Amino acid sequence: MLRHEFQPGKLVAGTVLVLAGVLYAGDAGGAWETPWFVAIPLVTGGLCLAGAVAFLTGRVRRRRQGGRTGADPA
């Protein structure tokens, strides 16, 4: 049993922010060279994608819940 509902928008946002952190940690450690301007489109695009996923998830959940009633006919 789940303790809370799955929220894929938060998963996408977290993944993108962790990716940005890994890129700059690798740059700080000397593993590779990451230009400073990479973070802006990465984070902005990731947050826009996360917002779109959260919006679609909400629409799907409302659509599935719309046909249900409080009483169980069985």
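The structure this text deals with has already been given above.
Source: prediction; values computed, not measured.

Cut-offs applied
Residues numbered from 1 in each chain as written. Predicted model: local features only at pLDDT ≥ 70, side-chain atom pairs only at ≥ 80, totals over all residues. Heavy atoms only, no water. Helix = DSSP H or I, 4+ residues; strand = E, 2+ residues; numbered from the N terminus. Buried < 20%, exposed > 50% of the residue type's maximum accessible area, 1.4 Å probe, protein only. Contact = heavy atoms within 4.5 Å. Areas by Shrake-Rupley, 256 points an atom, 1.4 Å probe, with all protein chains shown as cover. Expected span 1.5 Å × (residues − 1). Arc of directions from axis to C-beta.

Draft legend 1. Quick peek at the overall build of the protein. Per the secondary structure count, the protein includes 2 helices and 0 strands. Counting the 74 residues in the protein, one finds 14% classified as buried. A fraction of 51% describes how many contacts in the protein between residues 6 or more apart in sequence connect residues 24 or more apart. On the protein, roughly 6200 Å² of surface is accessible, and the fraction owed to carbon and sulfur atoms is 66%.

Draft legend 2. Region of interest: the environment of Phe55. On the secondary structure map, Phe55 appears in helix 2 (residues 39-66). Residue Phe55 is classed as exposed on the basis of its relative accessible area of 52%. Measuring from C-alpha to C-alpha, the distance between Phe55 and Gly9 comes to 8.2 Å, with 46 residues separating the pair along the chain.

Draft legend 3. Structural context of helix 1 (residues 8-29). Taking 1.5 Å as the rise per residue, helix 1 with 22 residues should run 32 Å; its terminal C-alpha atoms sit 31 Å apart, in good agreement. If you check which residues of helix 1 are buried, you get Pro8, Gly9, Ala13, Val16, Ala20 and Gly26. Seen along its axis, helix 1 keeps its buried residues to an arc of 160 degrees; they face one direction. Seen from the open side of helix 1, the exposed residues pointing more than 90 degrees away from its buried face are Lys10, Val18, Ala28 and Gly29. Where helix 1 terminates, the next one or two residues include Gly30, which has phi positive at roughly 85 degrees.

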